[in-house]
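The primary structure of each chain is shown beneath.
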Amino acid sequence: MEQSKDIVRCSWCGSDPLYVKYHDEEWGKPVFDDKILFEFLILESAQAGLSWITILRKRENYRKAFAGFDAQKVASFSELDVERLLQDEGIIRNRLKISSSIKNAKLFLDIQKEYGSFSEFIWGFLPNKKPIINYWTDHKSMPARTEISDRISSDMKKRGFNFFGTTICYAFMQATGMINDHIEGCIAR
């Protein structure tokens, strides 16, 4: 736990102002808006094998590169867009991740058509569509995956999603407040 002037935060956010702001204002807060859910789908997939702060620092660049996280626009990206994105130093220039983002956008739209919204689909995996509130005293005992993240990841893989294994799925669930993993006593809990 990081303590500063009687303020307790989850230790993972350290003291980087960008990370602290993200921790305090976003991480663990329930998200039901499809556009924001799509944003986290892209960002969490880009994170695979990297640290979250790396992606967080590139978030605005991703916003520009991926049409403001408009799933419809991203789904229509062509091979020329892939080549353009591979030249963009502001994002992670990995062909597989970029191509997967475009493919995942198309699949995201398919889920919206099937369920009415991606939110309806993803939150439907949780009991009563309510956030899971965990009670951790530190992050060392926190899992990297759960049965629910396994189920979601498996379902999405069957639909064709890439870069959304159970660990990435769990991080997505934390980021979008499907799971509240703030430690006990944290100001953002």
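About the criteria used
Sequence order as written defines residue numbering, which begins from 1 separately in each chain. In view of the model being predicted, local features appear only for residues whose pLDDT reaches at least 70, and side-chain atom pairs are presented and counted only at 80 or more, with totals across whole chains, interfaces and linings using the full set of residues. The side-chain values count all of the structure's non-hydrogen atoms but skip hydrogen atoms and water molecules. Secondary structure is summarised from DSSP: a helix means a run of H or I of at least four residues, a strand means a run of E of at least two, and numbering begins at the N terminus for each. As a reference, a globule follows 2.2 Å times the number of residues to the power 0.38, and the radius of gyration itself is taken over C-alpha atoms. Burial classes: relative accessible area under 20% of the type maximum marks a residue as buried, over 50% as exposed, and values in between as partly exposed (1.4 Å probe, protein chains only). Contacts were defined at the residue level, with two residues in contact if any of their heavy atoms lie within 4.5 Å. Exposure was quantified through the Shrake-Rupley algorithm and a 1.4 Å probe, taking into account, for residues, occlusion by the shown protein chains and nothing else. This count recognises Lys and Arg as positive and Asp and Glu as negative, with His and chain-terminal groups excluded. Charge placement uses NZ in Lys and CZ in Arg. For Asp and Glu, CG and CD serve respectively. Here the nonpolar core consists of buried residues drawn from Ala, Val, Leu, Ile, Met, Phe, Trp, Tyr and Cys, with membership extended through side-chain atoms lying within 4.5 Å. Lines are fitted to the C-alpha atoms to define the axes, a helix being fitted only along its stretch in contact, and any angle between axes, read from their N-to-C directions, falls within 0 to 180 degrees. Convention used here: angles under 35 degrees read as roughly parallel, angles over 145 as roughly antiparallel, angles from 65 to 115 as roughly perpendicular, and any remaining angle as oblique. The handedness criterion is simple: a crossing whose near helix is rotated anticlockwise from the far helix by less than a right angle is left-handed, and one whose near helix is rotated clockwise is right-handed. Gly is placed with the polar residues, together with every amino acid not listed as nonpolar (Ala, Val, Leu, Ile, Met, Phe, Trp, Tyr, Cys and Pro) or charged (Asp, Glu, Lys and Arg).

(A) Highlighting the overall build of the protein. When helices and strands are counted, the protein shows 10 helices and 4 strands. Listed N to C, the secondary structure of the protein is β-β-α-α-α-α-α-α-α-α-β-α-α-β in terms of helices and strands. Over its C-alpha trace the protein gives a radius of gyration of 17 Å, about what one expects of a compact globule, namely 16 Å for 189 residues. Once the C-alpha set of the protein is aligned to its principal axes, its extents read approximately 50 × 40 × 25 Å. Residue burial in the protein is summarised as follows: out of 189 residues, 50% are buried. Considering only intrachain contacts with a sequence separation of at least 6, the fraction spanning at least 24 residues in the protein is 64%. Here the protein has roughly 9,400 Å² of accessible surface; of this, 52% comes from carbon and sulfur atoms. Looking at the protein, you have 27 positive and 26 negative side-chain charges, and the mean spots of the two groups are 2 Å apart.

(B) Local environment of unusual backbone geometry. For Phe69, which is not glycine, the phi dihedral falls at a positive 60°. A positive phi angle, close to 55°, is found at Phe163, a residue other than glycine. You can call Phe163 partly exposed: its relative accessible area is 28%.

(C) Quick peek at the nonpolar core. Within the largest apolar cluster, 62 residues are counted, with the highest numbers of intra-cluster contacts made by Ile122 and Ile152. What Ile122 contacts, discounting residues up to four positions off in sequence, is Leu37, Ile152, Met156, Phe172 and Met178.

(D) Focus on the packing of helix 2 (residues 34-47) against helix 7 (residues 95-115). One can describe the packing of helix 2 onto helix 7 by two numbers: an axis separation of 10 Å at closest approach and a directional angle of 150°. Our classification of the angle between helix 2 and helix 7 gives roughly antiparallel. The chirality of how helix 2 crosses helix 7 is right-handed. Of helix 7, the residues touching helix 2 (which contributes Asp34, Phe38, Leu41, Ile42, Ser45, Ala46 and Gln47) are Lys97, Ser101, Asn104, Ala105, Phe108 and Gln112. Among the residues forming the contact of helix 2 with helix 7, the class breakdown is 6 nonpolar, 5 polar and 2 charged.

(E) Region of interest: the packing of helix 9 (residues 147-159) against helix 10 (residues 166-175). Two elements in contact, helix 9 and helix 10, have axes whose closest approach is 8 Å; the angle formed by their N-to-C orientations is 110°. Considering the angle they form, helix 9 stands roughly perpendicular to helix 10. In this structure, helix 9 meets helix 10 at a crossing whose hand is right-handed. Only Thr166, Cys169, Tyr170 and Met173 of helix 10 make contact with helix 9, whose side of the interface consists of Ile148, Ser149, Asp150, Ile152 and Ser153.

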